[in-house]
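Listed below, chain by chain, are the residues.
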Amino acid sequence: MQPLYIHNTLTRKKELFKPINESHVGMYVCGPTLYSDVHIGNCRTFTSFDIMYRYLLHIGYKVRYVRNITDVGHLEDEVAGVGEDRIGKQARLKQLEPMEIVQRYAFGFREVMSLINNLPPSIEPTASGHIPEQIEMTQKIIEHGFAYEKDGNVYFDVEKFAKSNNYGVLSGRSLDDQLNNTRELDGQEEKKGRLDFALWKKAKPEHIMRWNSPWGVGFPGWHIECSAMSQKYLGETFDIHGGGMDLIPTHHTNEVAQSVGCCGNAPVNYWVHTNMLTLNGQKMSRSLGNVFLPVELFTGMKLAADSPSATPSQAKLDGKHPLFEKAYSPNVVRFFMMQTHYASTLDFSNEALQGSEKGFNRLMESYNTLDKLTPSATSSVDIKKIQEACYAAMNDDFNTPILLANLFECARIINTVNDKKETLNVADIDLLKKIYKDFIIDVLGLKREEQSGKSVEALNNVMNLVIDLRKKVKDNKDYATADEIRNRLQESGIQIKDGKEGTNWTIN
Ligand code: AMP
Ligand code: ZN
């Protein structure tokens with residue numbers, strides 16, 4: 001097997017991937033904060049990691065994939081760590097329990113993940129379900145001298161930590177640079193240093209989500225949940241930690257500091273970060289208000305007004321957005337995402353989606369043609385080489401655009417063989433079928449639409465029958481009927497071509 005290389009944010013290099021345990025991989029990805037619907041930008045990140053997960057499984061690893069759900073502690077200003085809890089605020093505004101808010105959006109999130117064909121993670125832990133673990137970790141950090149308690153709050157002492165550790169190891173930023181670019185905030189006078197962040201916060205009387213702790217009634221900070229849950233399920237040091245690039249400077253930087261502060265060793269061997277989905281070049285984000293929701297874009301996503309995941313606006317939308325001429329299948333949106341490498345930005349537009357739809361259809365039509373290709377005695381093309389190129393693309397930091405280029409080369413070959421301009425023997429046709437199944441279905445997670453395997457087979461059988469009967473008609477010199485069959489097939493979108501080696505057909 002060719003070796004896998006992954007770009008590691010820690011070293012800013014592509015590195016040979018070597019898991020801690022030879023055959024097992026532990027992977028943690030920061031999941032959504034469920035105070036509203038996930039948008040297409042969030043979907044891009046989760047889809048990128050889904051493809052990595054699928055590829056690791058495909059090449060034979062046993063993977064424990066942990067993707068959390070943030071249901072407490074993510075405040076409105078996540079960089080400064082101030083403001084109201086995002087879920088608490090929605091609960092207050094909608095007069096619901098915080099967990100009702102989370103439940104509602106969790107339904108929608110899982111529905112979207114399943115429509116876009118992301119495999120469920122092995123474990124999906126919630127922050128509120130791991131309060132004791134977060135308290136315990138905070139206690140250890142205090143014991144090790146890297147955190148202090150002040151008036152019911154516990155803060156991580158960044159400057160003290162930075163004396164013996166590289167706080168900016170992930171972002172590549174120096175402490176001075178970070179200090180100079182961080183504002184001093186009112187109401188945070190109890191912090192020793194301006195970069196200090198909360199591990200535990202005292203709950204004001206009106207704060208809904210609250211738990212007892214050694215420091216009084218309060219709630220955990222946002223960053224500690226991922227350190228505590230990744231450690232619980234994957235160990236003190238594990239293989240891969242992922243998330244969007246926007247998480248590097250604060251959330252992930254603080255995760256590293258917490259784990260080192262708690263256990264003395266770096267938590268993660270390979271940090272992997274995905275780039276942003278943009279709209280007119282600007283990051284798609286809920287706070288900027290430029291988000292697209294899957295329900296505004298996807299075909300087949302019909303949320304009834306009383307569906308647990310429906311918000312009043314969703315019930316009206318149903319695959320329609322004024323900026324988009326039509327709805328797209330989740331498959332096409334998934335295909336659109338993998339046309340760009342995960343570490344590059346990807347701009348969302350009508351034209352881009354239209355192009356993706358054409359590309360997706362072309363690839364899938366070649367899949368149908370492949371199913372009915374007639375083998376020859378010998379092959380005039382080297383399929384093994386293309387298979388190797390597919391693996392080489394994925395082994396080069398999960399390069400999906402290069403993989404797609406190779407799959408389109410397969411599509412070109414399939415069409416030329418179908419047109420009798422090249423030949424393939426049975427073994428090579430089988431190898432192409434394996435490449436398509438392995439990469440299109442298993443690794444990229446694309447689904448064959450409308451035509452399920454069974455209906456493809458049935459259509460092939462019917463077409464073989466029609467072609468046989470037409471041959472009989474022709475043998476009886478009834479050319480008028482033979483032409484009528486061809487014309488009527490043409491009207492229903494099926495083109496048949498008579499050649500020296502028989503008749504073949506394609507769907508227009
Ligand atoms: P959040 O629910 O905002 O915490 O985000 C969940 C995940 O989605 C994080 O890994 C973010 O980095 C990622 N994310 C947020 N916005 C975008 C975007 N526009 N493009 C790609 N990923 C994003
Ligand atoms: Zn996280």
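Reading guide: rules and limits
Residue numbers restart at each chain and count upward from 1, following the sequence in its written direction. Just so you know, chain letters begin at A and ligand numbers begin at 1, following the order they were written in. Whole-chain, interface and lining totals are the exception, using all residues; otherwise, since this is a predicted model, local features are given only for residues with pLDDT of at least 70 and side-chain atom pairs are given and counted only at 80 or more. In computing side-chain properties, one takes all heavy atoms of the structure into account and sets aside hydrogens as well as water. Keep in mind that water is not among the atoms, so a site may look incomplete; donors are the N, O and S atoms within 2.8 Å of the metal, or 3.2 Å for Na, K and Ca. In this description a helix means any DSSP run of H or I spanning at least four residues, a strand means any run of E spanning at least two, and both kinds are numbered starting from the N terminus. Relative accessible area decides the class of each residue, using a 1.4 Å probe on protein chains only: under 20% of the type maximum gives buried, over 50% gives exposed, and in between gives partly exposed. Centres within 6.5 Å are what make two rings of Phe, Tyr or Trp a pair, Trp counting through its six-membered ring; a difference in plane orientation under 30 degrees is then read as stacked, over 60 as edge-to-face, and the rest as tilted. Only when the NZ atom of a Lys or the CZ atom of an Arg is both within 6 Å of the ring centre and within 35 degrees of the ring normal do we say a charge sits over the ring. One heavy atom within 4 Å of a molecule or strand makes the whole residue count as near it. N or O atoms closer than or at 3.5 Å make up a polar contact, with two conditions inside protein: a donor-capable atom paired with an acceptor-capable one, and, for residues adjacent in sequence, both atoms drawn from side chains. When residue character is reported, Ala, Val, Leu, Ile, Met, Phe, Trp, Tyr, Cys and Pro are called nonpolar, Asp, Glu, Lys and Arg charged, and the others, Gly included, polar. All the domain ranges listed were derived from an automatic or database domain assignment. In what follows, residue pairs with any heavy atoms lying within 4.5 Å of each other are defined as contacts. Simply put, the buried area is the total loss of 1.4 Å probe accessible area from both parts when two parts are fitted together. By definition, two strands form a pair when at least two bridges between them are found by DSSP. An axis is simply a line fitted to the C-alpha atoms; with a helix, the fit covers only the stretch in contact. Between two such axes, the angle follows the N-to-C directions and lies from 0 to 180 degrees. Any angle that falls under 35 degrees is termed roughly parallel, while one over 145 is termed roughly antiparallel, one within 65 to 115 roughly perpendicular, and all others oblique. In this text, buried Ala, Val, Leu, Ile, Met, Phe, Trp, Tyr and Cys residues form a nonpolar core when linked through side-chain atoms within 4.5 Å.

Asks: I keep staring at the coordination of the zinc ion (ligand 2) and nothing clicks. Help me out?
Replies: Ideal geometry at a metal centre: 109.5 degrees between donors when four sit tetrahedrally, and 90 or 180 degrees when six sit octahedrally. Bound to the zinc ion (ligand 2) are the protein donor atoms C30 (SG), C226 (SG) and H251 (NE2), situated 2.0 to 2.2 Å from the metal. For the zinc ion (ligand 2), all donor residues lie on one chain, and their spacing in sequence is C-x195-C-x24-H. Placement of the pair is C30 in the loop between β3 (24-29) and α1 (40-58) and C226 in helix α7 (residues 222-234), with a sequence separation of 196 residues. Judged on exposure class, the residue C30 and its partner C226 are both buried.

Asks: How should I be thinking about the packing of aromatic side chains in this particular structure?
Replies: When we look at a pair of aromatic rings, we describe it by the centre distance and by the angle of the planes. Evaluated as defined, the whole model comprises 16 aromatic pairs. Arranged with centres 6.3 Å apart and planes meeting at 85°, the rings of F335 and F408 form a pair that is edge-to-face. Residue F335 is located in helix α11 (residues 330-338), and its partner F408 is located in helix α14 (residues 400-418); the two are separated by 73 residues in the primary sequence. Neither F335 nor F408 differs from the other in exposure class; each is buried. Three or more aromatic residues joined by ring pairs form one cluster here, namely F146, F156, F161 and F197. The aromatic ring of F46 is capped on one face by R67, whose charged end is 5.3 Å from the ring centroid. Its guanidinium or amino end placed over the ring of Y148, K192 lies 4.4 Å from that ring's centre, counting from NZ or CZ.

Asks: Could you clarify how one ought to interpret the site of ligand 1 in this entry?
Replies: The immediate surroundings of ligand 1 are formed by 20 residues, with T45, D246, L277, M284 and R286 found nearest. At 3.1 Å, a backbone N or O of G244 approaches an oxygen atom of ligand 1. Between ligand 1 and L277, the relevant distance is 2.8 Å, taken from a nitrogen atom to a main-chain nitrogen or oxygen of the residue. Every element with two or more residues in the shell around ligand 1 is listed here: α1 and β11 (238-244). The element contributing the most residues to the shell around ligand 1 is α1, with four residues. Looking at the shell around ligand 1 residue by residue, the classes come out as seven nonpolar, ten polar and three charged.

Asks: What should I look at first to understand the domain arrangement of the protein chain in this one?
Replies: Accessible area lost upon the coming together of the parts serves often as the stated size of an interface. The domain boundaries assigned to the protein chain delineate domain 1 (23-278), domain 2 (363-450) and domain 3 (454-507). For domain 1 and domain 2, the distance between their C-alpha centres works out to 41 Å. Each side of the interface is counted separately: domain 1 has nine residues, and domain 2 has 13 residues. Taken together, both faces of the contact between domain 1 and domain 2 bury some 1000 Å²; the carbon and sulfur share is 64%. The largest per-residue losses of area from domain 1 upon contact with domain 2 belong to I51, Y55 and H58, which jointly make up 57% of the total buried on that side. The tally of links from domain 1 across to domain 2 stands at four residue pairs in polar contact (both at pLDDT 80 or more). Breaking the side of domain 1 that touches domain 2 down by element, the ones donating at least two residues are α1 and α3 (98-115). The greatest single-element share of the side of domain 1 that touches domain 2, amounting to five residues, is contributed by α1. Tallied by class, the residues present in the side of domain 1 that touches domain 2 amount to five nonpolar, three polar and one charged.

Asks: Got a minute to help me understand the pairing of strand β17 (residues 502-507) in this structure?
Replies: Looking along a regular strand, one sees side chains alternate from face to face of the sheet. Pairing of strand β16 (residues 494-499) with β17, which is carried by six bridges, proceeds in the antiparallel orientation. Within the sheet, the bridge partner assigned to I494 lies in β17 and is I507. In textbook terms, the turn of a hairpin is the stretch between consecutive antiparallel strands, and for β16 and β17 this stretch comprises two residues.

Asks: Is there a simple way to explain the packing of helix α2 (residues 86-94) against α3 in this structure?
Replies: Remark: α2 packs on α3, axes separated minimally by 8 Å, with the N-to-C direction vectors making an angle of 105°. Comparing their axes, α3 and α2 come out roughly perpendicular. Mapping the contact onto sequence places I87, Q90, A91 and K94 in α2 and P98, I101, V102 and Y105 in α3. Looking at the contact of α2 with α3 residue by residue, the class counts come to six nonpolar, one polar and one charged.

Asks: Teacher, can you tell me more about the nonpolar core here?
Replies: A general feature of soluble globular proteins is that nonpolar side chains tend to end up buried together. F348, L407, Y436 and F439 are the most contacted members of the largest nonpolar core, which totals 130 residues. A domain split of this core shows at least three residues from each of domain 1 (23-278) and domain 2 (363-450). Not counting chain neighbours up to four residues away, the residues in contact with F348 comprise I40, L277, T278, L279, M284, F292, L297, F324, F336 and L353. Counting six residues, the second-largest nonpolar core is a separate cluster that includes M463, L489, I496 and W505.

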